[in-house]
Amino acid sequence: MKLNEIRTFIAVADAQSVQEAGNRLGLTQSAVSRLIQRLEAELGVTLFDRQTKPLVLTRDGELALGHARRILAATSDFSDAFAGSAEPRGPLRLGVAHVLIALAAGRPLDDLRAGFPGLTLRLQSDWSGPLIDQVRSGALDGALVLLCEEQEPPDDLPARRIGVEPVSVIAAPDNCTGGSPAVSLAAMNARGWVLQPNGCRYRNALQQALAPLGLQPNVTVEAYDQSLLVGLVARGVGFGLAPMGLIAPIPAAATVQPVDLPDLRMSVTIWLVQARTPGRIAPVFDRLEDALRRQLDAGRRIGRIAALHSAAE
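Only a predicted model underlies this, so the values are computations on that prediction, with no experimental measurement involved. (Residues numbered from 1 in each chain as written. Predicted model: local features only at pLDDT ≥ 70, side-chain atom pairs only at ≥ 80, totals over all residues. Heavy atoms only, no water.)

Within this structure, the stated rule accounts for one cavity of 30 Å³ or more. Around the largest cavity, the lining comprises 13 residues; the ones closest to its centre are Val 194, Leu 195, Gln 226, Leu 229 and Leu 241. Of all the secondary-structure elements, those providing two or more residues to the lining of the largest cavity are β9 (193-195), α10 (226-234) and β11 (240-242). Take the lining of the largest cavity: its biggest share by element is four residues, from α10. Residues that form the lining of the largest cavity fall into these classes: 10 nonpolar, three polar and no charged. (1 Å grid on protein atoms, 1.4 Å probe; cavity = no way out; pocket = protein on both sides within 12 Å on 5 of 7 lines; lining within 4 Å. Points joined across faces, edges and corners; volume = space filled by probe spheres on them. Helix = DSSP H or I, 4+ residues; strand = E, 2+ residues; numbered from the N terminus. Nonpolar A, V, L, I, M, F, W, Y, C, P; charged D, E, K, R; others polar.)

This is how it looks when you write it as structure tokens:
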């Protein structure tokens, strides 16, 4: 069964005439008849009552016509999906590292939805390593991941560096004095930390800083949700770790202060990793990159204001 047979069948059904269908398709009457006969032989049914003028569809022909129109429409959609003028449509499978949800899930995603209304956004949150693996396997179209400053994404995947952010100890104002911790790192550990579960790079850095003191992180609350963690820090439940620029979209971030702790300093790099063959969604990543950079710049401004406010107190 070929598309030209289906297309010819629809043309004859619409024109109710073999000759008129031939005129519309640029085919001879005999060529049209052969295509219809071939389709009837493949289906094992008679499509037209040839004893009537104009031609009338049989009951099988009426059923076949509905299927034929859907097949032709589907092939047209399939072709349009790869046409140069067609905008990206369908699902966008995007992974986001846990700590980057606040950065990505606000204005950047709103900007994508506005720019590409035909997209359906499917978000998945996980640690950066598994997200990169899923991009490589084809399970995700791309992922926003977080790596240590000296790390880079795998060479086999296209990646865009969005920015580098310093990680700060964050605390409620009552836990700070003049922008410095009122107690030592050991005493802060005794008070407790509000962190993500094992696998978090911030938590690993804290563990390394405490190791010379013979201590392990005293985690009083752990959760994946960065908004929840920042809210708990703001309530004075414990100390936290986060880049001020990344948590800026979280409302509770306005009430926490960064603490300069020489024993615990690190930076992280944000990368947008793509599938090897992004196809027609490549412009989507261009727009997402721009939106993420704007959001990050706005967060940095808020973070600088918070740092100045902390130092002035």
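On to the pairing of strand β5 (residues 142-148), then. The buried fraction of β5 is high, at seven of seven residues. Residue alternation in β5 divides its side chains into two sets, Gly 142, Leu 144, Leu 146 and Cys 148 and Ala 143, Val 145 and Leu 147, and both sets are buried. Pairing analysis gives three bridges linking strand β3 (residues 90-97) to β5, with the strands arranged parallel. Bridged to Val 96 within β5 is Leu 144. (Buried < 20%, exposed > 50% of the residue type's maximum accessible area, 1.4 Å probe, protein only. Pairing = 2+ DSSP bridges.)

Our focus in this paragraph is helix α3 (residues 29-43). Taking 1.5 Å of rise per residue, the 15 residues of α3 would be expected to cover 21 Å, and the 21 Å separating its terminal C-alpha atoms lies within 8% of that figure. For α3, every residue scored as buried is listed here: Ala 31, Val 32, Leu 35, Ile 36, Leu 39 and Glu 40. Gly 44 lies just past α3 and shows a positive phi near 75°. (Expected span 1.5 Å × (residues − 1).)

In this section: the side chain of Thr 8. Within the fold, Thr 8 resides in helix α1 (residues 3-15). Among residues more than four places away in sequence, those in contact with Thr 8 are Leu 25, Leu 27, Val 32, Leu 35 and Ile 36. (Contact = heavy atoms within 4.5 Å.)

Glancing now at the nonpolar core. Within the largest apolar cluster, 56 residues are counted, with the highest numbers of intra-cluster contacts made by Leu 100, Leu 144, Val 169, Trp 193, Tyr 202, Leu 241 and Ile 270. At six residues, strand β13 (residues 266-274) tops the list of elements feeding residues into this core. Among residues more than four places away in sequence, those in contact with Tyr 202 are Val 99, Leu 146, Val 167, Leu 241, Ala 242, Pro 243, Leu 246, Met 266 and Val 268. Ala 15, Val 32, Leu 57 and Ala 68 belong to the second largest nonpolar core, which has 19 residues in total. (Core = buried A, V, L, I, M, F, W, Y, C linked by side-chain atoms within 4.5 Å.)

Geometry of an aromatic ring pair is reported as the spacing of the ring centres plus the angle between the planes. Within the structure shown, the criterion is met by three aromatic pairs. For the ring pair Phe 9 and Phe 48, a centre distance of 5.7 Å and an interplane angle of 70° mean the geometry is edge-to-face. Of the two residues, Phe 9 is situated in helix α1 and Phe 48 in strand β1 (residues 48-49); the sequence distance between them amounts to 39 residues. Judged on exposure class, the residue Phe 9 and its partner Phe 48 are both buried. Taken together, a centroid distance of 5.9 Å and an interplanar angle of 50° make the contact between Trp 193 and Phe 239 tilted. Pair noted here: Trp 193 is in strand β9 and Phe 239 is in the loop between α10 and β11, with a separation of 46 residues, a long-range link. (Phe/Tyr/Trp six-rings, centres within 6.5 Å; stacked < 30°, edge-to-face > 60°.)

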